[in-house]
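Notes for the structure review
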Amino acid sequence: MKKLFGAWLVLLLAASAASARTRWTEQQAKDWYAKQPWLVGSNYNPSNAINQLEMWQAETFDPQENDRELGWAEAIGMNTMRVFLQDQLWQQDPQGFKKRIDTFLTIAAKHHIRPVFVLFDSCWDPFPKLGPQHPPIPGVHNSGWVQSPGAKALQDPSQYPRLKAYVEGVVGAFANDDRVLAWDLWNEPDNDNDASYGPHEPKNKNELVLKLLPQVFAWAREENPSQPLTSGIWQGDWSSTSTMSPMARTQVEESDVITFHNYGWPEEFERRVTQLEQLHRPVICTEYMARGAGSLFETILPIAQKHHVGAINWGLVAGKTQTYLPWDSWQRPYVVEQPTVWFHEVFHTDGTPYRSYETELIRRLTAESNK
């Protein structure tokens, strides 16, 4: 009987592996991209949530605020949002979490916005906790953002089946949902948070993530999603795959479409785009626009439009994440004085644009490209 069961299990696993889709070919990726409008949007967390947990937990999930803020995005021509999830939300309440995602997708679709969902994230606080979240630390950028998985789960292989259930559960629930644009499986997987939580990070964090990332792609592919899978590269030498770091090379070699982050000057942005075009797949920038660092809508968006590169800036509405403050606020909180310019974000909490010429530019360029 044991032998029969063992043989059956082997066959079942083999059938599952055989049914999982492979990485898209270059042509499949190009065919998908040809059907999309020029993708322009923001990374989105509602202004009344400090992080992913506060956005999505039942007690603080706010469809009315989502509806209001996505309406402002629609009005300036945005058609996508990059939205972060968190693994503990699945562990806490899988059915309720799926229902809230479905509600959010209904709201987004009302505004002709198709989100990119981010499943894991290596940035900021490595010790996420469910329940009420602490208030923003005065004057500090992203003072409450949390990683997924947290340091404890990342270092404990016995928790990986739970992480697998999260990936398969979320991707599987929406694998054929046209309201979802794409799956971003891991945000900045090799970010060690040196300027914030660095001393509290696992010493071998990069090694652990590098080992886990291909498994995450495999788990997602087992659900046969109709949407592309990706993970955005953000640092290092991209002149060829041979010069990339092992993490970046894994990201681009596993991704159906290529995504990247860049907060530099326009010359650097265009150089990065040109390097990634050599991979012969669609390219989408999933983070840009940091005014104080030289990354501006008026300089970056025209380059993205020229190359037909999707452009998703950081931040829509200034709020509890405080990402209108610069990164250096971790070393020098902006309490007594405010920065000369907002770092990120497009709107005030009442829907007034931070700079009206920026929103007019976004509206004009998206209208031109999507006629």
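Further up the page is the structure itself.
Below, the structure is looked at part by part. Just so you know, these numbers come straight off a predicted model, no measurement behind them.

**Considering the layout of surface pockets**
Estimates place the volume of the largest pocket at around 530 Å³. Lining the largest pocket are 28 residues; nearest its centre among them are Trp124, Glu188, Asn191, Trp234 and Trp327. Its residues assigned to classes, the lining of the largest pocket comprises ten nonpolar, twelve polar and six charged. Of the voids in this model, the second largest pocket is the one considered here, and its volume is about 170 Å³. Along the walls of the second largest pocket sit 14 residues, with Gln88, Pro128, Gly150, Lys152 and Ala153 positioned nearest its centre. Where the lining of the second largest pocket is concerned, the elements lending two or more residues are helix 5 (87-92) and helix 7 (151-154). Classifying every residue of the lining of the second largest pocket gives six nonpolar, four polar and four charged.

**Considerations on the packing of helix 11 (residues 266-277) against helix 12 (residues 297-307)**
Relative orientation of the contacting elements helix 11 and helix 12 amounts to 20 degrees, with a least axis distance of 9 Å. Considering their axes alone, helix 11 and helix 12 lie roughly parallel with respect to each other. The handedness of the crossing between helix 11 and helix 12 comes out as right-handed. On helix 12, the residues that touch Pro266, Phe269, Glu270, Val273, Thr274 and Glu277 of helix 11 are Thr299, Ile300, Ile303, Ala304, Lys306 and His307. Looking at the contact of helix 11 with helix 12, its residues break down into six nonpolar, three polar and three charged.

**What to know about the pattern of salt bridges**
Applying the stated criterion across every chain, the model contains 18 salt bridges. Notably, a salt bridge pairs Asp102 with Arg179, separated by 2.6 Å at the nearest N-O pair. You can see Asp102 sitting in helix 6 (residues 94-110) and its partner Arg179 sitting in the loop between helix 8 (160-173) and strand 4 (182-187), a full 77 residues away along the chain. Shared partners join several salt bridges into a network, and the residues in it are Arg21, Arg221, Glu254 and Asp256.

What counts, and where the lines are drawn
Residues numbered from 1 in each chain as written. Predicted model: local features only at pLDDT ≥ 70, side-chain atom pairs only at ≥ 80, totals over all residues. Heavy atoms only, no water. 1 Å grid on protein atoms, 1.4 Å probe; cavity = no way out; pocket = protein on both sides within 12 Å on 5 of 7 lines; lining within 4 Å. Points joined across faces, edges and corners; volume = space filled by probe spheres on them. Nonpolar A, V, L, I, M, F, W, Y, C, P; charged D, E, K, R; others polar. Helix = DSSP H or I, 4+ residues; strand = E, 2+ residues; numbered from the N terminus. Axes fitted to C-alpha atoms, helices over the stretch in contact; angles between N-to-C directions. Parallel < 35°, antiparallel > 145°, perpendicular 65-115°, else oblique. Left-handed = near helix turned anticlockwise from the far one by under 90°. Contact = heavy atoms within 4.5 Å. Salt bridge = Lys/Arg side-chain N within 4 Å of Asp/Glu carboxyl O.

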